[in-house]
Amino acid sequence: MTAWTDHLVAAPILVPMFAGALMILAGDRWRGAVVALGLASTVTLVGLAVVLLGMADAPEVRVYRKGDWPAAFGIVLVHDRLSALMLALVAVLGLAAFVASLARWDRAGTHFHPLFQFQLMGLNGAFLTGDLFNLFVFFEVMLAASYGLALHGSGTARVRAGLHYLIVNLVASLLFLIGVSVVYGISGTLSMADLAARMRDVAEADRALLETGLAVMGIAFLIKAAVWPLGFWLPGTYAAAAAPAAAILSILSKVGVYAVLRVWLLLFGDEGGASAGFGGTVLLAAGLLTIAFGSIAVLAAQSLPRMAGASVLVSSGTLLAAVGTGQAAVTGGALLYLASSVLALGALFLLIELVERGREVGADVLAVTREAFGSGEEEDDLREPEAVGVAIPAMVAVLGLSFIACTLLLAGLPPLSGFLAKFAIMAPLLGPAGALVPTASWVLIAALVLSGLATVVAMVRTGIDIFWASPLAVPRVSLLEIAPVGLLLALCAGLTVAAGPVMDYTLAAASALHAPSPYVEGVLGPIASRPELRP
Amino acid sequence: MPETVLLLALVALPFAGALAVTLLPTHARNAAAGLAGGIALVCLMLVWAAYPTVSAGGVLRAEFAWIPALGLNFSLRMDGFAWLFAGLVTGIGALVVLYARYYMAAEDPVPRFFAFLLAFMGAMTGVVISGNLIQLAFFWELTSLFSFLLIGYWQHTAAARDGARMALTITATGGLALFAGVLVLGHIVGSYELDAVLAAGDRIREHALYPVALALILLGALTKSAQFPFHFWLPHAMAAPTPVSAYLHSATLVKAGVFLLARLWPVLSGTDAWFLIVGSAGLVTLLVGAYVAIFQNDLKGLLAYSTISHLGLITLLLGLNSELALVAAVFHILNHAAFKCSLFMAAGIIDHETGTRDIRRLSGLNRSMPFTARLALVAAAAMAGVPLLNGFLSKEMFFAEALSADTPFGLMNVLPFAAMLFSAFSVAYSLRFIHGAFSGPVPADLPREPHEPAGWMRLPVEILVLICIGVGVLPAATIGPFLDIAVRSILGDDVPYYSLAVWHGFNLPLLMSIIALAGGVLLYLLLQRRLRSGIEGEPLLRRIEGQRIFERTMVFLSWRLARRAEGLAGTRRLQPQLRLIVLLAVLAAGAAVWLRGFGPGNLPASPVDPVLALVWLVGGTCAIGAAWTAKFHRLAALILLGGAGLAVVITFVWFSAPDLALTQLTVEVVTTVLLLLGLRWLPKRVQVPGDRGPEVLTRTRRLRDLGLAVAAGGGLAALSYAVMTRVPPELLAQHFLQRGYTEGGGTNVVNVILVDFRGFDTLGEIFVVAAVALTAYALLRRFRPAPDSVEVPEQQAHADGATAGAAVTGRGEAREGGDWLLVPFTLTRLVFPAMLIVAVFLLLRGHDLPGGGFSAGMVVAIAIILQYIIGGTDWTEDRLRLRPHLWIGTGLLVASGTALAALAFGRPFLTTYFAYAELPVIGKVPTASTLVFDIGIFALVVGATLLMLVALAHQSVRGHRATPRRPAAPAASAPAPLVAAGDG
Amino acid sequence: MELVVSLAIGVMAGSGVWLLLRPRTFQVIIGLSLLSYAVNLFIFSTGGLRTGAAAILEKGQEGSLAQFTDPLPQALVLTAIVIGFATTALLLVVLLAARGLTGTDHVDGRERDR
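About the criteria used
- Residues numbered from 1 in each chain as written.
- Chains lettered and ligands numbered in written order.
- Predicted model: local features only at pLDDT ≥ 70, side-chain atom pairs only at ≥ 80, totals over all residues.
- Heavy atoms only, no water.
- Contact = heavy atoms within 4.5 Å.
- Buried area = accessible area lost by both parts, 1.4 Å probe.
- Salt bridge = Lys/Arg side-chain N within 4 Å of Asp/Glu carboxyl O.
- Polar contact = N/O pair within 3.5 Å; in protein donor to acceptor, adjacent residues only side chain to side chain.
- Helix = DSSP H or I, 4+ residues; strand = E, 2+ residues; numbered from the N terminus.
- Phe/Tyr/Trp six-rings, centres within 6.5 Å; stacked < 30°, edge-to-face > 60°.
- Buried < 20%, exposed > 50% of the residue type's maximum accessible area, 1.4 Å probe, protein only.
- Axes fitted to C-alpha atoms, helices over the stretch in contact; angles between N-to-C directions.
- Parallel < 35°, antiparallel > 145°, perpendicular 65-115°, else oblique.
- Left-handed = near helix turned anticlockwise from the far one by under 90°.
- Nonpolar A, V, L, I, M, F, W, Y, C, P; charged D, E, K, R; others polar.

**Q** Even after reading the chapter, I still don't get the interface of chain B and chain A, so can you show me in this structure?
**A** When the parts come together, some accessible area is lost, and that loss is often what is quoted as the size of the interface. Contacts between chain B and chain A engage 145 residues on the former and 150 residues on the latter. For the chain B and chain A pair, buried surface summed over both sides reaches about 12800 Å², with 72% attributable to carbon and sulfur atoms. The salt bridge involving R758 of chain B is made with D131 of chain A; its shortest N-O contact spans 2.7 Å. Counting the contacts that link chain B with chain A gives 12 residue pairs in polar contact (both at pLDDT 80 or more). For the side of chain B that touches chain A, the leading source of residues is helix α7 (residues 158-189) of chain B, giving 17 residues.

Next up, the structure:
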């Protein structure tokens, strides 16, 4: 028998599942009902997320056994700190994007709302499941919905980008399948925990094959995480997507990162036996390269949407590189960074569309060329300054401040959480006093600082041009659209103030990830992690 | 605890004030100024309230846990030095606010201005009373941010925008360096707390990472205090309103740099590296700044460069590694603040009253504004270092240091001369400021008629000038104690003896001052002609335009180079991306094997059966054939694809997997139909022999792809062989086989797995199908055929018009047309019910025998498709009213509802009815819940498949109606009545 | 037997990859279908190949791997088939839409100018 509270773990998947199904029945005719459903679902998810965060902050993991079959061969949902954190991010981002969509975007085409719910369902499922193949299925749910959202509203640009997005992800899914089946063929299990327990006693003759399968699977994850050179599809797709869609998509790339965090640390972490640390250097290198490429792309971006897309690359790279260093403390910092950057990117994607509304097309390119010839240089400094300033309309001011906030968050400048997050990654990289700092850490620190610099330069250039040089016509923005941005940014501010408890949480989550035997035991029961005792 | 409150309020009040001010109406300048000034004054009071503690050598502390896990606390710490600076920041802040109230025009949106000013003040206070280094970097970047906003306050002028951008870019860069630097410092010390760091001087200097930390921190400090070669941003920051300039140049932004140098002086200084970097930077800046200042034609420009030069002086003093030099530096920080602020304000007044700051146009203002003239005169004299004024004292100290500096490097023997040169220059530019603006004939063509400013506007200048005089005449009595506690808090007990007397008797420094004064006057007289000529910029250095270089580099690095690099390292085309993916996948797999080879499998390979081999000979040929023909002969490729698929089906049957065979078969049929429907919309592509099309591939590219394909195929083949020939010790599967019937209640284990053991996968899977169907539908509603594929395909055109057209357009009356395709038509109509029965059969027996919801759904879908193909769209829909959305929605709800039902019985989601019912099950339809689950799947599959197929089919109906290149009208684009359920 | 099947997988995968790298959307979709055939067969094969083994339990029987094929890979393949079917269909629709909107069937939505 299971207590009703146990069902809470499954709820984040079930709520959007049913909401979406009902929405299809309601169809587009009863928009009111659909919206009400959507609101109920997203708000419920936020509530659930809070509860689950609370429940998660405990040493043991919670296991929900689908179909009441033992974890050994049934599908289980595993709810630990990491998944609770991801669920919370999805919930918040979901609420924000949903509300923002109500202003206009949800009517840009049919079926926005059910697809949106399925998107949430897929994300939550991916973050909760403890079974590799089930992870694949939820990846597919998530992707199928994301295809719909990315293409929502149709139009040449979206379809063009969507085609790439679709094909690339189909290939990734095939790789995932190959990987999973190899894992089953060699280890005979699909449950992550069981696999982790079996890692040690895989026959030496077979280990290479198992690692092959996992490597192929890893490529699939890295494609989703948009690592260089597998992530060229991302900026275009996100830039083309409708604002709320882009906002929710911005967490999709983090699913790839999550998968790496979960699977890689579980199987190849310090307890991975003979395979421990497999591919760690690859992760680190890939992460660093991604940071580099992302920063370049941020600088080179000719429009805000592309710049935002490029920043997604930067954050993915940062996370993977941090994980690749294989230190629990660094991972803890990375988790804070994850939260901060997801919220910031969501806000940015929602914001961009509002800003773009107020300006003429191609202004960016124009500005850059203007800069290329050095604006203002020709006018001498003796010109009496117009001693009267130009008042900035309230709405533009709000947009401007939000833009500044996003810049600070993404560049890792004070006072918002971005700064603390980078600090939380860098400080452990340097380690305690007296400890020798490996070169990799230096490189990563340099990469973090420089990427921040690139972001500042690029976004200040663009921001000045948008808000100062060519004062934008006050865009017509409804509260529905600006409030979500405010919400997300407010949360970042909250992260800054409550950084202490948050860090305690993320550090606990990280150390659990790096020492997974409690996870394994929690899922399979005590004996599982001690191979010699297994039947 | 009062001191906690005090410190916290000191930092928090300005920010709170800033928030409050922003809420004021756009032109409420009295309210804004009043609030700002009030807050500045309160802060000043707070600082003063701390005096007793500080003067007794005590330190005020306040600490709050921030991120204990990382040893980061929010800690405030105010010792003498911090106290002095806090006083400077808040005191001058108050004066600046008062001044700004009268300087800013009535129409100016001043609340924004005062809000930024307050926030900036708060940030600056934060810097000086930060108790730990990370937090110091935190506030440091905030000063960069708010100074950026202040400089760009008049954002409509290009100068303001460029100045702001440059200032931010440089100071923020420095800030990031500083951040990294303090991280390293913290790593060396093991704590970020200032107390701990200051106590660990020797450890730091000896540590291997000392050079790194030093370099990074100095990068931060020197950029902030505009030291050569980072000095050029400061003059452009003049684009800010004059009150801001006065504040930034005198007490705050640039002083933050020297503040940091002095703050960390005890732990970082004393090494050759420190001396080399800081000393030489200071020396160069000192001379260059002073030299350039002489030739500025803009009052503010002149002052800006003099600021640079004076900061160079302070930096140089700090670089000399001597306690006395430090004292001189701190002293000069104060003096410079006093006279520079007053001078900027004076320049502002001139600008405000006359409308220009151009020395060449100004003259004789002492007639129209005598009082301001006197004030400016005194302040300028202080800057020039005339005796009985504060500037003189610190300059004397500097001379003394310059003479006594015992430096490891010979080059510092030039110090005394450098000092005199600097002093002479400063005399010259001070003279120019005064003489140029105030003496001479009454100016003719000024934008405005000059007159004395409002008394309140002059008040701050008066106060500051009084300070200059007071300190100059009675240093010991006025500034003495403050200076003392400041240096004491830095140096601790080993404060050297220094005297603040005006008169030290005839000594070398005095002589130097006299020479410098004379030299300065002389220099000014000599330069008269050139200065009057009004040539822009200074000789020698004018070619080197810092800003121009900066802009060029920025554009090159951050734009051109970046674009090029992105082009090289990235792509927006699909094919390269896919190549990379395949390549990396192959490499990843290969590497894993290569790193640790693998042994032989534990299963013997079973003998080859010729029949299956033959099947695959055909299948393989089909696959390759498909690859070969896909470009020019799409239909052929499609058929060949089917061939390969068939081979797969046979293989499934062969290896006793009937379920797979069934599903694969049905899926294949549907997929083929879909593709056939799609073919019609693709462009014609006919193979012209010898025609080299626009994107004909070069031989090498083809070979590369071929190689990749072979590698991928071979790799997968090898992998599969390796996996097939080994079986792991224990498989999940054995559980399923054991429990399949006894607990799962079905003999068809595969189906039991799908709907029970791993029902969650299936549940997810049907949501995938649903989402995809919705997406496809939504896209097709916006479908626009390409112009060249709108007209009826020739096959139809050639055929007998009316009836042939019906085949595609499917107009109802075509059926009355009679004999056309009569036989197949009748057949399918007969087959239809039969197929439905088959479907139901598959569905019901699914749990025990091959079949199940999915294949059943597919069969029904196929049945209906047949009707469409033969009967034509409209005819079918006249007789068969489908509501795909209804099917989909119901299917999803039924399936997930069944799964949810378990919760009602206190079981987890998806627990099947059978699984917990103790009653023995015999015959009938044993497992109620799984069957319902399967029915849900069935409904969904039918709905989804039809939704896509029919939506596609309708395109060809629409194709003729839709006008090319324009979105079809909603009426046409909505495949009514078929999907009425979905249309809005 | 294993050899034949693995070769089959290899051939289909190879021709699939080749098509995947071609510039025309139709080639790509055919390629992906071939690839998914290959992958389905691959998944199936990981359970080991058994000829003539029973697929269906007797009522009340507790099966074991001795006399039955491994059913799990089959279940996985079924899921994979369905998902593959759905996504292929979507790809078809998207490429039609792309063809309609961009006027070309090049994967980049624009002809390479070279």
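**Q** What exactly am I supposed to notice about the packing of aromatic side chains here?
**A** How two aromatic rings sit relative to each other is set out by the distance from centre to centre and by the angle between their planes. Residue and element names in this part refer to chain B. Following the criterion strictly, the structure yields 49 aromatic pairs over all chains and no others. On the numbers, 5.0 Å between centres and 70 degrees between planes, the contact of F85 with F259 is edge-to-face. Of this pair, F85 sits in helix α4 (residues 80-103) while F259 is found in helix α13 (residues 253-263), placing the two residues 174 residues apart along the sequence. The pair formed by F85 and F259 is uniform in burial state, with each residue classed as buried.

**Q** What should I look at first to understand the packing of helix α6 (residues 132-150) of chain A against helix α3 (residues 71-102) of chain C in this one?
**A** To characterise two packed helices, one gives the angle between the axes of the helices and the distance between these axes. The N-to-C vectors of α6 of chain A and α3 of chain C enclose an angle of 15 degrees; their axes lie 12 Å apart at closest approach. Classified by the angle between their axes, α6 of chain A and α3 of chain C sit roughly parallel to one another. The hand of the α6 of chain A/α3 of chain C crossing is left-handed. Here α6 of chain A contributes F133, F136, V137, E140 and Y147 of chain A to the contact with α3 of chain C, which in turn contributes L76, T79, I83, T87 and L90 of chain C. Taken together, the residues that form the contact of α6 of chain A with α3 of chain C break down as seven nonpolar, two polar and one charged.

**Q** Got a minute to help me understand the pattern of salt bridges in this structure?
**A** Once their charged atoms are close, side chains differing in charge can pair, the charge on each being opposite to the other. Under the criterion given, the structure shown has 26 salt bridges over all chains. Between R198 of chain A and D194 of chain A there is a salt bridge, with its nearest N and O atoms 3.2 Å apart. Taken together, the residues R198 of chain A and D194 of chain A, both in helix α8 (residues 192-199) and four residues apart, mark about one turn of the helix. Each member of the pair R198 of chain A and D194 of chain A is classed as buried. Put simply, E452 of chain B and R458 of chain B hold a salt bridge, and the shortest N to O gap is 2.8 Å. Salt bridges sharing partners connect three or more residues here, namely R61, R77, D79, D195 and R263 of chain B.

**Q** Got a minute to help me understand the environment of A493 of chain A in this structure?
**A** Relative to the helices and strands, A493 of chain A resides in helix α20 (residues 479-497). For the pair A493 of chain A and D6 of chain A, spaced 487 residues apart in sequence, the C-alpha to C-alpha distance is 32 Å.

**Q** Please clarify how the interface of chain C and chain B should be interpreted in this entry.
**A** Taken together, the contacts link 89 residues of chain C with 115 residues of chain B. At the boundary of chain C with chain B, total buried surface from both sides reaches about 9100 Å², with 76% on carbon and sulfur atoms. On the chain C side of the interface with chain B, the three residues burying the most area are M1, F26 and F85 of chain C, jointly 8% of the side's total. Linking chain C with chain B are three salt bridges, by the criterion used here. Measuring nitrogen to oxygen at the nearest pair gives 2.8 Å for the salt bridge that ties R22 of chain C to D705 of chain B. Connecting chain C to chain B are five residue pairs in polar contact (both at pLDDT 80 or more). Every element with two or more residues in the side of chain C that touches chain B is listed here: α1 (2-20), α2 (25-46) and α3 of chain C. Broken down by element, the side of chain C that touches chain B gets its largest block of residues, 26 residues, from α3 of chain C. Its residues assigned to classes, the side of chain C that touches chain B shows 51 nonpolar, 24 polar and 14 charged.

By themselves, these figures tell us nothing about what the structure is for.
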